[in-house]
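Each chain, written out:
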Amino acid sequence: MTTLKELCGGLPLNPLPPNRGRDPNVPHAPVRTPNLTAEEERLSLRNALRYFPPALHSTLAPEFAQELRQYGHIYMYRFCPSIRMRAYPIDEYPCQIRHAAAIMHMIMNNLDPAVAQFPQELVTYGGNGQVFSNWAQFRLVLHYLSTMSEEQTLVMYSGHPLGLFPSLPSSPRCVITNGMVIPNYSSRESYEKMFALGITMYGQMTAGSYCYIGPQGIVHGTLLTVLNAGRRYLGTSDLRGRVFVTSGLGGMSGAQAKAAVIAGCVGVIAEVFSWCCENILKMFKNNNILQNHFTTPKVNYKNQHKLHNSRSTRVLCFRERLWEEYERTGDLLVDLGSDQTSLHNPFSGGYYPVQLSFEQANQLMNSDPQRFRTVVHESLRRHIAAINKLSEEGMYFWDYGNAFLLEAKRAGAEVQKSGGGATEFKYPSYVQHIMGDIFSLGFGPFRWVCTSGNPSDLAETDDIATSVLEEISASVTERVRQQYSDNIRWIREAGKHNMVVGSQARILYSDQRGRVSIALAINKAVADGRVTAPVVISRDHHDVSGTDSPFRETSNIYDGSAFCADMAVQNVIGDAFRGATWVSLHNGGGVGWGEVINGGFGLVLDGSEEAGKRARTMLNWDVSNGVARRCWSGNSNAYETIQLTMEDQPHLRVTMPYHVQDEHILYNALH
């Protein structure tokens, strides 16, 4: 068993570790089909061997070539460490500075088998959300972090550690970019080749930025979405007996089951059947995320009738042809509907077509990718046909920002909105109808990780956050108070629902004032010793300012700028020089490669006065940037929010829009 000290020693070259290959006891990523030419295969192999001295090339080249041809990528399984991969307490990492140890804590959590979707392929979530491209990169990164001083910054190019470069103590300790490809070459086909060549990487959002916290993050986001959907579509906050039908029980989408329970409704989630999924479902049940699962629609419907009538709070799951069964019977037992399959990655395991078994689909996507694409499109058309039928009968459906409607449109399904704009479909995205106005109030997924690994520290920070939000709630508008109330409820129930998987972490949605106040209160608790070790604050990239995504986060931007990415890029730059411990900027995430630019940060609260100053300065920018952009685009909630923020912060001055009040002026000018 490798120790942390050995793990931080760099690449083990003399002797080489044994090549144990793939572990048959963990799930593995689907085989990739990059369709490399013979020259591209040689280039891929040449690129991989750059990490090793020439004396080892004759040993490593054949096994790397086998990985490339067998799996479509060189993961370097030989260098996958034997250590138990988890977030160790910060003081156990052999580092010169604690900020570097905090980054290690976060990286190893992303690769914990209890957290990661495909741990040996370094995929945290979403089917292809990489932490690194190969295991050599992982080992080199830990080595660099272990030797880093406060006057160095680790530069990361799409999983590759370019090196430690001189910087200032006030600079970020790590700057990450993932998938920064020249726009004209940012296609899905180009990505598959570039990833196989080892020159770029799809970091999703918090996979490649080292900030994933397990299913808790998406459970919380889905909970708020379902609660606010109930208010908007059903006119109630009481969802007992209401039925929420959706798809996907993967690393992220599996959170839908727990979110339904906490929201108080009946959750029915469709998933493909396989040995792999069976093991994932067992893990979900062991972690109290999923309560029941069924393998046939008939058994499920019997239970669904019973629960619908009893106003019970349960979750059911079955995995065969849910939409086809609804279409066949015409039996409407559904109030709310969505989908969380990984359609940002539709042809490489993100979406399994209804016509094929799991095993058949995996075989076809490898042997005949074009035929598999055709079958996926056929399935999407059937999927949409069922949704259209249910919606006509009264189901309220929304797109969950996973490129579902976008890919359905590309498949030729009936999803176009008559007279709609470039980002509009027959059904709204959850940002357009549900969460967009919440973003415009400054609310988004703020999170923190207790690097001690001690549950008592997390409990202390939960109490701190609850007290802060309760105090602030007394002096805010009713709309803001409702959001605070939802999040106070979340924190109080999170412990009861066993939401911690991996690191001792918590997430909540908060606005600018709440984030700053919670961060400062936690930093003081670290200084006072009430929290025993530094706390990392972060957020999902899916936030007010963090992501430019015309089919998700910025889908409710209607001034024509939904396809512009200035906000996300400016946000990362601004976070970097305002005090972030590390920053990241990604192509792709959520909706898919070439469809999104997004970024994030990590900031270590170590109890120092400097940490408090950084948190105040950086968090204020991290929220105000996006609210100001949304205000300029015409959002009334954002206009009001940024006005109030300027009143509170004399140094903040935002360019405010004047709106055209008489549309006839435009008509007359153009005619």
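These figures come from a predicted structure and were not determined experimentally. (Residues numbered from 1 in each chain as written. Predicted model: local features only at pLDDT ≥ 70, side-chain atom pairs only at ≥ 80, totals over all residues. Heavy atoms only, no water.)

**A word on the pattern of salt bridges**
Alright, step 1. Under the criterion given, the structure shown has 31 salt bridges.
Alright, step 2. Of the charged contacts, one joins E63 and R78 as a salt bridge, the two residues approaching to 2.7 Å between their closest N and O atoms. You can see E63 sitting in helix 3 (residues 57–71) and its partner R78 sitting in the loop between helix 3 and helix 4 (98–110), a full 15 residues away along the chain.
Alright, step 3. Residue class for E63 comes out buried when judged on its relative accessible area of 10%.
Alright, step 4. You can call R78 buried: its relative accessible area is 12%.
Alright, step 5. E470 is the salt-bridge partner of R492, the closest N and O atoms lying 2.2 Å from each other. Of this pair, R492 sits in helix 17 (residues 478–494) while E470 sits in helix 16 (residues 455–473), and the two are 22 residues apart along the sequence.
Alright, step 6. Within the structure, one salt-bridge network assembled from shared partners comprises R515, R539, D543, D575 and D622. (Salt bridge = Lys/Arg side-chain N within 4 Å of Asp/Glu carboxyl O. Helix = DSSP H or I, 4+ residues; strand = E, 2+ residues; numbered from the N terminus. Buried < 20%, exposed > 50% of the residue type's maximum accessible area, 1.4 Å probe, protein only.)

**Side note on helix 20 (residues 609–632)**
Alright, step 1. Taking 1.5 Å of rise per residue, 24 residues should cover 34 Å, and helix 20 covers 35 Å from first to last C-alpha, within 8% of that figure.
Alright, step 2. Summarising burial for helix 20: 18 of the 24 residues are buried, a large majority.
Alright, step 3. Positive backbone phi, at 115°, marks G634, one or two positions downstream of helix 20. (Expected span 1.5 Å × (residues − 1).)

**Things to note about the packing of helix 4 against helix 5 (residues 135–147)**
Alright, step 1. One can describe the packing of helix 4 onto helix 5 by two numbers: an axis separation of 9 Å at closest approach and a directional angle of 160°. Of the possible angle classes, the one that applies to helix 4 and helix 5 is roughly antiparallel. Judged by the twist between their axes, the crossing of helix 4 over helix 5 is left-handed. For the pair helix 4 and helix 5, contact is made by A100, I103, M104, I107 and M108 and by F138, V141, L142, L145 and S146, respectively.
Alright, step 2. Of the residues contributing to the contact of helix 4 with helix 5, the split by class is nine nonpolar, one polar and no charged. (Axes fitted to C-alpha atoms, helices over the stretch in contact; angles between N-to-C directions. Parallel < 35°, antiparallel > 145°, perpendicular 65-115°, else oblique. Left-handed = near helix turned anticlockwise from the far one by under 90°. Contact = heavy atoms within 4.5 Å. Nonpolar A, V, L, I, M, F, W, Y, C, P; charged D, E, K, R; others polar.)

**Regarding the nonpolar core**
Alright, step 1. F64, F138, Y210, W448, W490 and I537 are the most contacted members of the largest nonpolar core, which totals 138 residues.
Alright, step 2. Examining the composition of this core, we find that nine residues originate from one element, helix 7 (residues 216–234), more than from any other.
Alright, step 3. Among all residues touching W490, those that are not within four sequence positions of it are Q216, V219, H220, L223, I262, M499, R506, I507 and L508.
Alright, step 4. Membership of the second largest hydrophobic core comes to 36 residues, among which are F347, F358, V376 and V591. (Core = buried A, V, L, I, M, F, W, Y, C linked by side-chain atoms within 4.5 Å.)

**A short note on a nonpolar patch on the surface**
Alright, step 1. Together, Y157, L162 and F165 line one region of the surface with nonpolar side chains, adding up to about 280 Å² of accessible area.
Alright, step 2. Considering the arrangement of structural elements, one finds F165 in strand 4 (residues 160–166). (Patch = residues over 30% accessible without salt bridge, like charges linked within 9 Å, V, L, I, M, F, W, Y side chains within 5 Å. Areas by Shrake-Rupley, 256 points an atom, 1.4 Å probe, with all protein chains shown as cover.)

**Description of the packing of helix 2 (residues 38–49) against helix 3**
Alright, step 1. The geometry of helix 2 relative to helix 3 is characterised by a closest axis approach of 10 Å and an angle of 130° between their N-to-C directions. Classified by the interaxial angle, the pair formed by helix 2 and helix 3 is oblique. In this structure, the crossing between helix 2 and helix 3 has a hand that is right-handed. Together, E41, S44, L45, A48 and L49 of helix 2 and H57, L60, A61, F64, A65, L68 and R69 of helix 3 make up the contact between the two elements.
Alright, step 2. In terms of residue class, the contact of helix 2 with helix 3 is made up of eight nonpolar, two polar and two charged.

**Quick notes on the UniProt feature "domain: Urocanase N-terminal" (unreviewed entry) in the protein**
Alright, step 1. Taken from the UniProt record, the annotation "domain: Urocanase N-terminal" (unreviewed entry) applies to residues 85–211.
Alright, step 2. Helix makes up 28% of residues 85–211 and strand 18%, whereas the separation of the span's terminal C-alpha atoms amounts to 16 Å. (UniProt positions renumbered as here; feature names shortened; annotations may be inferred.)

**Some points on the pairing of strand 13 (residues 535–539)**
Alright, step 1. The element strand 13 is extensively covered by neighbouring structure, given that five of its five residues are classed as buried.
Alright, step 2. Every second residue of strand 13 is oriented toward a common face, with V535, I537 and R539 on one face and V536 and S538 on the other, all of them buried.
Alright, step 3. Relative to strand 13, strand 11 (residues 444–450) runs antiparallel, the two being bridged by five bridges. If you follow C450 over to strand 13, its bridge partner there is V535.
Alright, step 4. With four bridges connecting them, strand 13 and strand 16 (residues 597–605) associate as antiparallel partners. Each residue of the ladder has a partner; that of V535, found in strand 16, is L605. (Pairing = 2+ DSSP bridges.)

**Description of the packing of aromatic side chains**
The relative placement of two aromatic rings is captured by the distance of their centres and the angle of their planes.
Alright, step 1. For the structure shown, the criterion picks out 24 aromatic pairs.
Alright, step 2. Above the plane of the ring of Y71 lies R22, whose end atom (NZ or CZ) is 3.8 Å from the centre.
Alright, step 3. Its end group placed over the ring of F347, R373 keeps NZ or CZ at 4.1 Å from the ring centre. (Phe/Tyr/Trp six-rings, centres within 6.5 Å; stacked < 30°, edge-to-face > 60°. Lys NZ or Arg CZ within 6 Å of the ring centre and 35° of its normal.)

**Thoughts on the pairing of strand 7 (residues 266–270)**
Alright, step 1. Of all five residues making up strand 7, five are buried, and the element is well covered by its neighbours.
Alright, step 2. Of the two faces of strand 7, the one holding V266, V268 and A270 and the one holding G267 and I269 are both buried throughout.
Alright, step 3. Of the pairings in the sheet, the one linking strand 6 (residues 243–247) to strand 7 comprises five bridges and is parallel in character. Paired with T246 across the strands is I269, a residue of strand 7.

**Observations regarding the confidence of the model for the protein**
Atomic detail in the predicted coordinates should be set aside for any region of low pLDDT.
Alright, step 1. Across the protein, pLDDT averages 89, with 91% of residues at or above 70.
Alright, step 2. Here residues 307–320 scores under 50 on pLDDT; set against residues more than four positions off or in separate chains, the count is 70 contacts. (pLDDT = per-residue confidence, 0-100.)

**As for the environment of V26**
Alright, step 1. Tracing the backbone through its elements, the reader meets V26 in the loop between helix 1 (4–7) and helix 2.
Alright, step 2. Taking the C-alpha atoms as reference points, V26 and Y77, separated by 51 residues in sequence, lie 13 Å from one another.
Alright, step 3. If sequence neighbours within four positions are ignored, V26 has contacts with P119 and Q120.

**Focus on helix 4**
Alright, step 1. In a regular helix each residue adds 1.5 Å, so 13 residues correspond to 18 Å; helix 4 covers 19 Å between its end C-alpha atoms and thus fits that length.
Alright, step 2. Judged by how many residues are buried, helix 4 sits mostly within the fold: 12 of 13 residues are covered.
Alright, step 3. For helix 4, every residue scored as buried is listed here: H99, A100, A101, A102, I103, M104, H105, M106, I107, M108, N109 and N110.

**Focus on the side chain of N487**
Alright, step 1. Mapped onto the elements of the fold, N487 is located in helix 17.
Alright, step 2. Not counting chain neighbours up to four residues away, the residues in contact with N487 comprise H220, L224, L469, L508 and Y509.

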